[in-house]
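So the chains spell out like this:
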Amino acid sequence: MSLLLSQREFADARRALRSGEVTAELYVWLGRLIAVTQATRALAPSPLPSGRWDDREAVAETLHAWLEESLLRGGLLRAFDRCRTPRALSRYLERALRNWLVARSRRSSGPRLLERAGLLMAAEDGFALVRDANVSGERWWGLAEWRRPALYAGSDETLVASAWALGDFALLRYPSSQRSDPVLSTSDLRRFLRGLLERVGAALSGRHLDTALRGRFAYAYAPTTVGLDEVEELAAPETTAGPVEIEDAARAALGSLSCRQLRVLRERPQDTLERLAGRLGVSRGTVDNEYRRAVMAVLEASPSDEDFAAVLEEVLRVASQGGNGDE
């Protein structure tokens, strides 16, 4: 199992893409890229079609969505136009995968500040629905103590300035890697909404509230993806380390792996958790943990992140010559 396309596969894939086709070798390699990137970079599961990274099917579903939403819409052509070597393509597409997952997560959820604001105002006595509508952006909200409040007719600039005039707010972050958007606590969101309404002295629509939230907490909505143009083409030789360093790193990694970890490292990308767990007589969770430990051991033994694929290939090559790694 190679973690890079061969030069022939790379050239064949480039030619096929010009005709709008994806070769079988490129398709299989993209699945391996997703599996290895997830194992070594702790990708968040929330934007995945299945919402979980617990099986081979999750990788397949992710690959299908990535192809449909990005790669077959010009992403692969841009990658092959920019990259001249299989290793450069691997680095480029790993970055593209992470950017796509971030963008997908933001499209599916976002900071949710406006949604939370609507729920809070509907549930608390201090706020009142001034004018109802089927669309949240057209609902108007005011304070419960107001009688016949006017509807805000000022500019968006004045509204955002009023939001900034409310002072500082403590930003919170989700405790897991599944979400990284800054959010407000419920108490601070309540303070923000009441303060904004009091300051403008008029009822605000959902659109106005969204404008104020985006203007005051703009970084919560801004994209955090890294531009793919920043991924530099690798010059020859393709690896930072030489063959001797790669072999030494592979031997060091092999020395830190148990027989079971080595077997899981070889077989996991090509099989399901259930079947592999059945053959080893352990649980699915054990297989998944052993795979992650094995991959991290190879990563730690590698001279650099760029050499990881070459070291892992050498580990698998040596392992294939020495038996199947049964305990």
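Residues numbered from 1 in each chain as written. Predicted model: local features only at pLDDT ≥ 70, side-chain atom pairs only at ≥ 80, totals over all residues. Heavy atoms only, no water.

Here's the deal with the overall build of the chain
Then, number 1: A count of helical and extended segments in the chain gives 14 helices and five strands.
Then, number 2: Out of the 327 residues belonging to the chain, those deemed buried represent 46%.
Then, number 3: Partitioning the contacts of the chain with sequence separation of at least 6, the portion at a separation of at least 24 is 71%.
Then, number 4: Only carbon and sulfur atoms are counted for the fraction: they give 50% of the accessible area of the chain, which is about 16,500 Å². (Helix = DSSP H or I, 4+ residues; strand = E, 2+ residues; numbered from the N terminus. Buried < 20%, exposed > 50% of the residue type's maximum accessible area, 1.4 Å probe, protein only. Contact = heavy atoms within 4.5 Å. Areas by Shrake-Rupley, 256 points an atom, 1.4 Å probe, with all protein chains shown as cover.)

As for the sheet that holds strand S2 (residues 140-143)
Then, number 1: Across the sheet, three strands lie side by side as S1-S2-S5; this open sheet has antiparallel pairing. In this open sheet, the two strands that pair with only one neighbour each are strand S1 (127-131) and strand S5 (204-205).
Then, number 2: In this sheet, S5 lies alongside S2 in antiparallel orientation, the contact comprising two bridges. Note that in S5 the partner of Trp-141 across the bridge is Leu-204.
Then, number 3: Contacts from helix H8 (residues 186-200) reach S1, S2 and S5 within the one sheet, and its direction differs from that of S2 by about 85 degrees. (Pairing = 2+ DSSP bridges. Axes fitted to C-alpha atoms, helices over the stretch in contact; angles between N-to-C directions.)

As for the packing of helix H7 (residues 156-164) against H8
Then, number 1: Where H7 meets H8, the axes come as close as 9 Å, and the angle between the chain directions of the two elements is 125 degrees. With respect to their mutual orientation, H7 and H8 come out oblique. In the crossing of H7 with H8, the sense of the turn from one axis to the other is right-handed. Across the interface between the two elements, Leu-159, Ser-162 and Ala-163 of H7 pack against Phe-192, Leu-196, Arg-199 and Val-200 of H8.
Then, number 2: Residue classes in the contact of H7 with H8 are distributed as five nonpolar, one polar and one charged. (Parallel < 35°, antiparallel > 145°, perpendicular 65-115°, else oblique. Left-handed = near helix turned anticlockwise from the far one by under 90°. Nonpolar A, V, L, I, M, F, W, Y, C, P; charged D, E, K, R; others polar.)

Quick look at the packing of aromatic side chains
Then, number 1: Scanning the model with the defined rule gives five aromatic pairs in all.
Then, number 2: Considering the side-chain rings of Phe-10 and Phe-80, the 5.2 Å spacing of their centres and the 35 degrees angle between planes classify their relative orientation as tilted. With a gap of 70 residues between them, Phe-10 in helix H1 (residues 7-18) and Phe-80 in helix H4 (residues 75-82) connect regions that are remote in the sequence. In terms of burial, Phe-10 and Phe-80 fall into one category: buried.
Then, number 3: Here the basic side chain of Arg-194 rests over the ring of Phe-127, its NZ or CZ set 5.9 Å away from the ring centre.
Then, number 4: Between Arg-216 and the ring centre of Trp-164, over which it is positioned, the NZ or CZ distance is 4.1 Å. (Phe/Tyr/Trp six-rings, centres within 6.5 Å; stacked < 30°, edge-to-face > 60°. Lys NZ or Arg CZ within 6 Å of the ring centre and 35° of its normal.)

Some words on the packing of helix H6 (residues 113-123) against helix H9 (residues 206-216)
Then, number 1: It is the contact of H6 with H9, at a shortest axis distance of 10 Å, that shows an interaxial angle of 130 degrees. Compared by their axis directions, H6 and H9 come out oblique. Seen along the crossing, H6 lies across H9 with a hand that is right-handed. When H6 is examined against H9, the residues Leu-113, Leu-114 and Met-121 are found in contact with a partner set consisting of Gly-206, Leu-209, Asp-210 and Leu-213.
Then, number 2: Taken together, the residues of the contact of H6 with H9 break down into five nonpolar, one polar and one charged.

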